[in-house]
Amino acid sequence: MTDIVLGVGASHSTLMNTHWEETFHKDRAERFRDALRQARDEIAAARPDTVILVGSNHFRGFWLDLIPSFTIGVGECVASGESGTPEGPQPVDVPLARHIANTLVEGGRFDLAYSAKLQIDHGQSHAIQYLLDGLDVEIVPLVVNVFAHPLPTLDRCEQLGRAIRDAVLGFPEGRRVAVIGSGGLSHRLPWPDWRDPHGDDEEFMVGAWLNGRDHWKDYDVRRREIIRAAESAINEDFDEEFLSLVENGRTHEVARYTTEELEKVAGNGAQEVRTWLLMAALLGHAPGRRLAYESLPEWLTGMGVAVLDPTHHHTSERQP
């Protein structure tokens, strides 16, 4: 029997690793870091065999020569190791990953892209570093395109979460499965719409996204300079509203936003809430517990952590 035992949504920022001492709101940063540790302990207590790790990719594993909406890792998985995040091969639950891909494709629900040699970046390895530290688990990595327009709709992400939930619960080999959604909350990155760049910095970024395969490190110094020079654009009201939906088992209601509306309200980085939405759908939209929310302008991001425990949930699962 396969069970989905826990879900965690958590923001990520490589500035935790690279600029901790320069962080002005150290009390906020420490509360967020403590919440990650608590979430890690709750994952450990749930005793998962496998973690489905839903995250974004910041043009270090995917480039504009090929951008799927959703990609599942079904073989090797290598973390890029930028900004002090984990580097190198990661343990993948290949049987479960391939079961998910096969079930979704053969069942006609999703033509899911797959990779037998997947490269991930801090969009997922940040969660490995802080939420899976010291845990003996394998992962099933799922990458969602949240930066290269056109993006999959929020509703489509929710549908995929429910489809993967069905596939996981039907896995015959038996697993205890946890799910992590890594990304968000509100923030704005100095990244252009690749279809219409303006100015030298935006032209540079699009060039990096077009030509970065096998050469992403060549672009990384200037990329980081552009990002570090950006002004913070955190919408605490949106973040509070979103976390309230998570707490009340109503995360699916965020799908009322179009991609354009979400960017206008909460910034292009808020497109990463798709990872939380997918995670919540995999948990049957169990009500969540907020462990932290901190507005950290030095990290450009509203930083949240929440845990979804299906053992405390019996009545409000969303119907198709």
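Residues numbered from 1 in each chain as written. Predicted model: local features only at pLDDT ≥ 70, side-chain atom pairs only at ≥ 80, totals over all residues. Heavy atoms only, no water.

Undergrad: Hey, could you go over the overall build of the protein for me, with residue numbers and the actual values?
TA: Across its full length, the protein carries 10 helices and nine strands. By the compact-globule yardstick of 20 Å for 320 residues, the protein fits well, its C-alpha radius of gyration being 18 Å. Expressed as lengths along the three principal axes of its C-alpha atoms, the size of the protein is roughly 55 × 40 × 40 Å. For the protein, buried positions account for 60% of its 320 residues. The long-range fraction of contacts in the protein, counting pairs at least 24 apart against all pairs at least 6 apart in sequence, stands at 83%. As presented, the protein carries roughly 13000 Å² of accessible surface, and 47% of it is formed by carbon and sulfur atoms. Treating the 31 positive side-chain charges of the protein as one cloud and the 50 negative ones as another, the clouds have centres 3 Å apart. (Helix = DSSP H or I, 4+ residues; strand = E, 2+ residues; numbered from the N terminus. Rg over C-alpha atoms; globule rule 2.2 N^0.38 Å. Buried < 20%, exposed > 50% of the residue type's maximum accessible area, 1.4 Å probe, protein only. Contact = heavy atoms within 4.5 Å. Areas by Shrake-Rupley, 256 points an atom, 1.4 Å probe, with all protein chains shown as cover. Lys, Arg positive; Asp, Glu negative; His and termini not counted. Charge placed at Lys NZ, Arg CZ, Asp CG, Glu CD.)

Undergrad: Describe the environment of L104, naming the residues involved and giving the relevant values.
TA: Structurally, L104 is set in helix α3 (residues 94–106). A C-alpha to C-alpha distance of 17 Å links L104 and E173, two positions 69 residues apart in sequence. Excluding anything up to four places from it in sequence, L104 contacts R109, F110, L112, L160, A163, I164 and A167.

Undergrad: Can you explain the pattern of salt bridges? Please cite residues and give values.
TA: Within this structure, the stated rule accounts for 22 salt bridges. For R162, the salt bridge identified is with E158, shortest N-O distance 2.9 Å. In this pair, R162 and E158 both sit in helix α5 (residues 154–169), four residues apart, roughly one turn of the helix. Just as R162 is buried, E158 falls in that class too. Of the charged contacts in the structure, one is a salt bridge between R250 and E253, with a shortest N-O distance of 2.8 Å. Overall, the relative accessible area of 36% leaves R250 in the partly exposed class. (Salt bridge = Lys/Arg side-chain N within 4 Å of Asp/Glu carboxyl O.)

Undergrad: A description of the confidence of the model for the protein should follow, citing residues and the corresponding values.
TA: In this model, the protein carries an average pLDDT of 95, and 98% of its residues clear a pLDDT of 70 or more. Below pLDDT 50 for its whole length, residues 314–320 participates in 11 contacts with residues either more than four positions away or in separate chains. (pLDDT = per-residue confidence, 0-100.)

Undergrad: Give a description of the environment of I52 that names residues and reports values.
TA: Relative to the elements of secondary structure, I52 occurs in strand β2 (residues 50–55). Residue I52 is classed as buried on the basis of its relative accessible area of 1%. I52 sits 127 residues away from V179 along the chain, and the two C-alpha atoms are 4.7 Å apart. Dropping the residues within four chain positions of it, I52 is found in contact with I100, V140, I164, V168, V177, A178, V179, I180 and L282.

Undergrad: So what's going on with the nonpolar core? Residues and values would help.
TA: I52, I100, L104, L160 and I164 are the most contacted members of the largest nonpolar core, which has 64 residues in total. When neighbours within four sequence positions are excluded, L160 is seen to be in contact with F70, L104, F110, L112, L142 and L278. Counting residues in each nonpolar core, the second largest holds 40 residues, with V5, L6, L118 and A178 among its members. (Core = buried A, V, L, I, M, F, W, Y, C linked by side-chain atoms within 4.5 Å.)

Undergrad: Can you explain the packing of helix α6 (residues 199–211) against helix α7 (residues 216–228)? Please cite residues and give values.
TA: The geometry of α6 relative to α7 is characterised by a closest axis approach of 11 Å and an angle of 140° between their N-to-C directions. Here α6 lies oblique to α7, going by the angle between them. For the element pair α6 and α7, the recorded crossing hand is left-handed. The segment α6 lies against α7, with D200, D201, F204, M205, G207, A208, W209 and N211 engaging Y219, R222, R223 and I226. Broken down by class, the residue content of the contact of α6 with α7 amounts to six nonpolar, two polar and four charged. (Axes fitted to C-alpha atoms, helices over the stretch in contact; angles between N-to-C directions. Parallel < 35°, antiparallel > 145°, perpendicular 65-115°, else oblique. Left-handed = near helix turned anticlockwise from the far one by under 90°. Nonpolar A, V, L, I, M, F, W, Y, C, P; charged D, E, K, R; others polar.)

Undergrad: Can you lay out the side chain of T14 for me, pointing to particular residues and giving the numbers?
TA: Topologically, T14 is positioned in the loop between β1 (3–10) and α1 (15–18). A distance of 2.9 Å separates a polar atom in the side chain of T14 from a polar atom in the side chain of R224. (Polar contact = N/O pair within 3.5 Å; in protein donor to acceptor, adjacent residues only side chain to side chain.)

Undergrad: Before we move on, could you go through α6 and cite the residues and values that matter?
TA: An ideal rise of 1.5 Å per residue puts 18 Å on 13 residues; α6 measures up with 18 Å between its terminal C-alpha atoms. Among all positions in α6, only F204, M205, V206, G207, A208 and W209 are buried. On its buried face, α6 sits against α7. (Expected span 1.5 Å × (residues − 1).)

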